[in-house]
Every structure is written in C-alpha cells, then in structure tokens.
Amino acid sequence: MKSAFVTVGTTSFEELIAAVTAPETLQVLRSLGYGRLVLQVGRGAAAPAPFRTAAFTLDVFRFKESLAEDLENADLVISHAGAGTCLETLEKGKPLLVVVNEKLMNNHQLELARQLYRDGHLFYCTCSSNLLRHPSLPH
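Description of the structure in this document. Here the structure is a predicted model, which means the values were calculated and not measured. (Residues numbered from 1 in each chain as written. Predicted model: local features only at pLDDT ≥ 70, side-chain atom pairs only at ≥ 80, totals over all residues. Heavy atoms only, no water.)

### Some details on the layout of surface pockets
Considered as a void within the structure, the largest pocket measures approximately 160 Å³ in volume. Of the residues assigned to the lining of the largest pocket, the class counts are three nonpolar, six polar and four charged. (1 Å grid on protein atoms, 1.4 Å probe; cavity = no way out; pocket = protein on both sides within 12 Å on 5 of 7 lines; lining within 4 Å. Points joined across faces, edges and corners; volume = space filled by probe spheres on them. Nonpolar A, V, L, I, M, F, W, Y, C, P; charged D, E, K, R; others polar.)

### Concerning the sheet that holds strand β2 (residues 34–40)
Taking strand neighbours across the sheet as the criterion, the seven strands line up as β3-β4-β2-β1-β5-β6-β7 in an open arrangement whose pairing is mixed. Lying at the two open borders of the sheet, with one neighbouring strand each, are β3 (51–52) and β7 (123–126). (Pairing = 2+ DSSP bridges. Helix = DSSP H or I, 4+ residues; strand = E, 2+ residues; numbered from the N terminus.)

### Looking at the nonpolar core
Counting residues in hydrophobic clusters, the biggest one holds 23 residues, and the most contacted among them are Val6, Leu16, Leu37, Leu39, Ile78 and Val99. Judged by nonpolar contacts, the second largest core, of 15 residues, contains Phe61, Ala74, Ala113 and Leu122. (Core = buried A, V, L, I, M, F, W, Y, C linked by side-chain atoms within 4.5 Å. Buried < 20%, exposed > 50% of the residue type's maximum accessible area, 1.4 Å probe, protein only.)

### Describing the pairing of β2
Within β2, six of the seven residues are buried, which leaves the element mostly enclosed by the surrounding structure. Strand direction decides the pairing type here: strand β1 (residues 2–7) and β2, joined by six bridges, are parallel. When the sheet's bridge partners are listed, phenylalanine 5 is paired in β2 with valine 38. Sheet topology places β2 next to strand β4 (residues 57–61); five bridges connect them, and they run parallel. Pairing of leucine 37 across the sheet is with leucine 58, part of β4.

Written as structure tokens, this is what we have:
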C-alpha cells in the first residue's frame, strides 16, 4: 500500500490541509494506488479526524520531534516550501510536490520552489492552481 505524507511545518497552512483532504483529492490519491495519507497539521485549526477503512487510512498529528520516519515511509511527500523540509525530503530521494503558501508576505517559498523545480528536483503548485492532480505524480 503506497503512502503519501503531507507536512505544513511548524506554522499553519489550512488551505493545504483542506486541499489534500477534499474528496476529489482523496479519490485521485486512491486512483493512483495510495492507501494511506499521513497529515502533519502543525498549529492549524483544521485537524481532520483520522479514519481507517479496508481501502484507505488517514492518520493525523500536529508535531513530532522528528519527521524522518514519516518521510522514510512515504512514497510521495506533499509539503509546504520550507527549506528544511524540502532538503530533508530530497536527501531521502522521495518524490516531492511543494505547495506554496500564497498568504505569506515576501514569499521566499515561491522563489525556493521555482529554483528547485528548474533544477529538476520537485514539482510545485499553489492550493488554488489545482496541481495536486498533477499527471506526473508518482503512480
């Protein structure tokens, strides 16, 4: 069973959590063979209830001392564009989809995501661009 890991870092990113838990996104993940979604929701108000069915599991947590195990177990990482998270994910050789938080002022995340995309390391999008359904996601 393939697993996707979503991380928002130490802040909140309500739009990302809402986008990845939307029914249409869960359906796309399932159609790509993902049977597990792990959410690290940070300080956000949105913390979806975990659930488990025969075909799909949603696990949710706010913070952990280290995300290394979650990154290691993931077949796909969907992340905010924090430099530390991006680099740690890429060091582990995991496919990475970065979702830029459009609400940040002086958005250094967009600059980082663009450069890492240009260098061939990841894909990036915003919550409003609907690229969570990107055809190049690992199948």
